[in-house]
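Each chain is listed here by its residues.
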Amino acid sequence: MKSIFGLLAILILATTALAQTTSPLPAPDIELSANGGSSNLYQGWPFNLHVTILNTEGDTSGNTRSLVVSPNNAPWTSTVSFTILTSTGAAVQWPLELVGTPSDAVLTLGPTDYVQATWQMSAANVSSLPPGDYTITANMLVSQSNGWNGSVQSPPVTITISPEPTLTSDQQAEKVFQTAEFALNNNDLSTAITLTQQLRNAQPDNALAGSVAANILKEAGYPALAFLEASDALSTFYRIHPISCRLIKSC
């Protein structure tokens, strides 16, 4: 009887070890954010598309394995592509350009790590696109590599391209934010600073505009001015939202 139980124990241990050695490698999860979260893209506006890649190991507690994306003879960003469909389901191509280059050709993400890459399209290119509804899906495909191999897709994002209407104050601010981000992506700090300062002058009660301006000044290498801009943005927020000020007891 003892020998039977001993044999069962050995079989269980062997099965467990085999399951551990043959468990699939960590896979990526993709999230897509387009146009600052708005579904409306007006002609004459630039387009900013953010792809966030996460390690699915982070979904399960106790896992510590890293995700490795290592395509052969190419940077990991080359594994990302986009499927863009019209409202009728026809596939189209947009002139999306990757912003920058990855610091490492191989992407390695721990269980709680993530990375974000940005693709963009100029205002002129957006204006050349036919108006209408589109869906965008990010795809990631790797084969015959030493790391993860497979394919994953993001949930689709819907974008409606149309002529620019008469803009509300919120839309004016949104246009500045999108254009300033595009300018920063192209190392055009002067344009980004000018646009945000013009918005601050036009909308002195827009605390978010002040916060964006502060971040741009920090990026431009003006920490003192950035601090002043951030302080002014905070004061503006408290002035517009006095209840929040009293709740946190900081004014």
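Residues numbered from 1 in each chain as written. Predicted model: local features only at pLDDT ≥ 70, side-chain atom pairs only at ≥ 80, totals over all residues. Heavy atoms only, no water.

Chemist: Give a detailed account of the nonpolar core, specifying residues and quantitative values.
Modeler: Within the largest apolar cluster, 36 residues are counted, with the highest numbers of intra-cluster contacts made by Phe47, Leu49, Phe82, Trp94, Leu96 and Ile136. Ranked by residue count, the leading element in this core is strand β10 (residues 132-142), at 5 residues. Core analysis: the second largest hydrophobic core is formed by 7 residues, Ala180, Ala183, Ile193 and Val212 among them. (Core = buried A, V, L, I, M, F, W, Y, C linked by side-chain atoms within 4.5 Å. Buried < 20%, exposed > 50% of the residue type's maximum accessible area, 1.4 Å probe, protein only. Helix = DSSP H or I, 4+ residues; strand = E, 2+ residues; numbered from the N terminus.)

Chemist: For the confidence of the model for the chain, give the residues involved together with the corresponding values.
Modeler: Averaged over all residues, the pLDDT of the chain equals 82, while 75% of them reach at least 70. A low-confidence stretch, residues 5-12 stays under pLDDT 50, and its non-local contacts, those more than four residues away or across chains, total 0 contacts. (pLDDT = per-residue confidence, 0-100. Contact = heavy atoms within 4.5 Å.)

Chemist: Would you mind going over the pattern of salt bridges in detail, with residue names and values included?
Modeler: The full count for this structure, using the stated rule, is 1 salt bridge. Among the ionic pairs, Lys175 bridges to Glu164, the shortest N-O distance being 2.9 Å. Separated by 11 residues along the polypeptide, Lys175 in helix α3 (residues 169-185) and Glu164 in the loop between β12 (157-162) and α3 bring together distant segments of the chain. Owing to a relative accessible area of 35%, Glu164 belongs among the partly exposed residues under this scheme. (Salt bridge = Lys/Arg side-chain N within 4 Å of Asp/Glu carboxyl O.)

Chemist: Please provide a residue-by-residue account of the environment of Gly210, values included.
Modeler: Within the secondary structure, Gly210 is located in helix α5 (residues 207-219). Remark: the alpha-carbon pair of Gly210 and Leu199, spanning 11 residues in sequence, is separated by 8.8 Å.

Chemist: A description of α3 should follow, citing residues and the corresponding values.
Modeler: Under the 1.5 Å per step criterion, the end-to-end length of α3 is 24 Å for 17 residues, consistent within 8% with the ideal 24 Å. One or two positions beyond α3, positive phi appears at Asn187, with a value near 60°. (Expected span 1.5 Å × (residues − 1).)

Chemist: Hey, could you go over the packing of α3 against helix α4 (residues 189-202) for me, with residue numbers and the actual values?
Modeler: In the contact formed by α3 and α4, the axes pass within 8 Å of each other and the chain directions differ by 165°. Judged by the inter-axis angle, α3 sits roughly antiparallel to α4. Relative to α4, α3 is oriented so that their crossing is left-handed. In this structure, α3 uses Ala173, Val176, Phe177, Thr179, Ala180, Ala183 and Leu184 to contact α4, whose residues at the interface are Leu189, Thr191, Ala192, Leu195, Thr196 and Leu199. Tallied by class, the residues present in the contact of α3 with α4 amount to 10 nonpolar, 3 polar and no charged. (Axes fitted to C-alpha atoms, helices over the stretch in contact; angles between N-to-C directions. Parallel < 35°, antiparallel > 145°, perpendicular 65-115°, else oblique. Left-handed = near helix turned anticlockwise from the far one by under 90°. Nonpolar A, V, L, I, M, F, W, Y, C, P; charged D, E, K, R; others polar.)

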